[in-house]
Amino acid sequence: MALRKVRTMGDEILYKHCKPVKVMTPRIAQLIEDMFETMYENCGVGLAAPQVGILKQIVVIDIEDGDQYLLINPEIMEESGSQTGHEGCLSVPGKSGIVTRPDYVKVRALDENMEEFVLEGEGMLARAICHECDHLKGELYVSRVEGELVDVEDLEEEEE
Ligand code: NI
């Protein structure tokens, strides 16, 4: 396992479309392991491959609900409801902004064996799925922020 460098806003790779994964290879398996490790090391709840400089449709998510999610070639099939709340991204360090997302999504993806599965997410999981799938289309949440991006430090002070 190895930590990968997280690309930050302004890095052109974050604005490109990712290609689907066609076959699982040892290299891709290693990338997935590294993505989980890099996400945990940086205290993130999700990470998409372009954030570590790889233009492939791979997403890892752990919103601390007891599950680790790996989504290869994810496709959102259904979404409903809406939620408005704070969002952040490891590629936009120290910042947060208000984003409205669906409150429910159903996503189809491949697992580590390249077998298809369907995942339904509500609340924070729905938000994470949408955020990470946006990365695969070269979109950062900052383009969806309502109002201003704020410093996370200021937010923490408000909450105290
Ligand atoms: Ni992000």
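As the structure is a computational prediction, the values presented were derived from the model and not from experiment. Counting starts from 1 at the beginning of each chain's written sequence and moves along it residue by residue. Residue-level local features of this predicted model are given only where pLDDT is at least 70; pairs of side-chain atoms are given and counted only at 80 or more, and the full residue set underlies all totals for whole chains, interfaces and linings. Only hydrogens and water are set aside; all other atoms, that is, all heavy atoms of the structure, feed into the side-chain values.

Caption draft 1: View of helix 1 (residues 26-41). Runs of H or I in DSSP of at least four residues are treated as helices and runs of E of at least two as strands, each being numbered from the N terminus. A helix is expected to reach a length of 1.5 Å times the quantity of its residues less one. Here helix 1 spans 22 Å end to end across 16 residues, near enough to the 22 Å set by a 1.5 Å rise per residue. For helix 1, the complete set of buried residues consists of Ile-28, Leu-31, Ile-32, Asp-34, Met-35, Phe-36, Thr-38 and Met-39. Whether two residues touch is decided by their heavy atoms; if any such pair falls within 4.5 Å, the residues are in contact. Its buried side turned inward, helix 1 meets strand 1 (46-48), strand 2 (58-61) and strand 3 (69-80). Downstream of helix 1 by a residue or two, Cys-43 has a phi angle that is positive, lying close to 60°. We call a residue buried when its accessible area falls under 20% of the maximum for its residue type, exposed when it is over 50%, and partly exposed in between, using a 1.4 Å probe and counting protein chains only.

Caption draft 2: Examining the sheet that holds strand 8 (residues 146-151) more closely. Whether two strands pair comes down to DSSP finding at least two bridges between them. Sheet architecture is open: three strands sit in the order 4-5-8, paired in antiparallel fashion. Looking at which strands have only one partner, the edges of the open sheet turn out to be strand 4 (83-87) and strand 8. Taken pair by pair, the neighbouring strands of this sheet meet at an average axis angle of 25°, ignoring direction. Pairing of strand 4 with strand 5 (residues 95-101) involves five bridges; the strand directions are antiparallel. Paired with Gly-85 across the strands is Val-99, a residue of strand 5. To define axes, lines are fitted to C-alpha atoms, for helices over the stretch in contact only, and angles between the resulting N-to-C directions are given on a 0 to 180 degree scale.

Caption draft 3: Region of the structure containing the pairing of strand 3. Here strand 2 pairs with strand 3 via four bridges, running antiparallel. Note on strand 3: the bridge partner recorded for Val-59 is Leu-71. Direction of pairing for strand 3 relative to strand 6 (residues 104-110): antiparallel, over a ladder of six bridges. Looking at the pairing, Ile-72 lines up with Leu-110 of strand 6.

Caption draft 4: View of the sheet that holds strand 1. Read from one edge of the open sheet, five strands run 1-2-3-6-7, paired in antiparallel fashion. Looking along the sheet, the strands with just one partner apiece sit at the ends: strand 1 and strand 7 (116-122). If you compare each strand with its neighbour and ignore which way they point, the axes differ by 40° on average. Of the strands in this sheet, strand 1, strand 2 and strand 3 touch helix 1, which is tilted by about 35° from strand 2. Against the sheet, helix 2 (residues 123-136) touches strand 1, strand 2, strand 3, strand 6 and strand 7, its axis set at about 125° to strand 7.

Caption draft 5: The side chain of Arg-101, seen in detail. Tracing the sequence through the fold places Arg-101 in strand 5. For the purposes of these results, a polar contact is taken to be a pair of N or O atoms within 3.5 Å, where, inside protein, one atom must be able to donate a hydrogen and its partner to accept one; residues adjacent in sequence count only when each atom of the pair is a side-chain atom. A polar atom in the side chain of Arg-101 sits 2.9 Å from the side chain of Asp-134.

Caption draft 6: Region of the structure containing the coordination of the nickel ion. Atoms of type N, O and S within 2.8 Å of a metal are treated as its donors, and for Na, K and Ca the window is 3.2 Å; water is not considered, so some sites may appear to be missing partners. Within the first shell, the nickel ion binds the protein through Cys-89 (SG), His-131 (NE2) and His-135 (NE2), at distances of 2.0 to 2.2 Å. Written as a sequence motif, the donor arrangement for the nickel ion is C-x41-H-x3-H. Taken as a pair, Cys-89 in the loop between strand 4 and strand 5 and His-131 in helix 2 lie far apart in primary sequence, 42 residues in all. The exposure class assigned to His-131 is buried, which follows from its relative accessible area of 6%.

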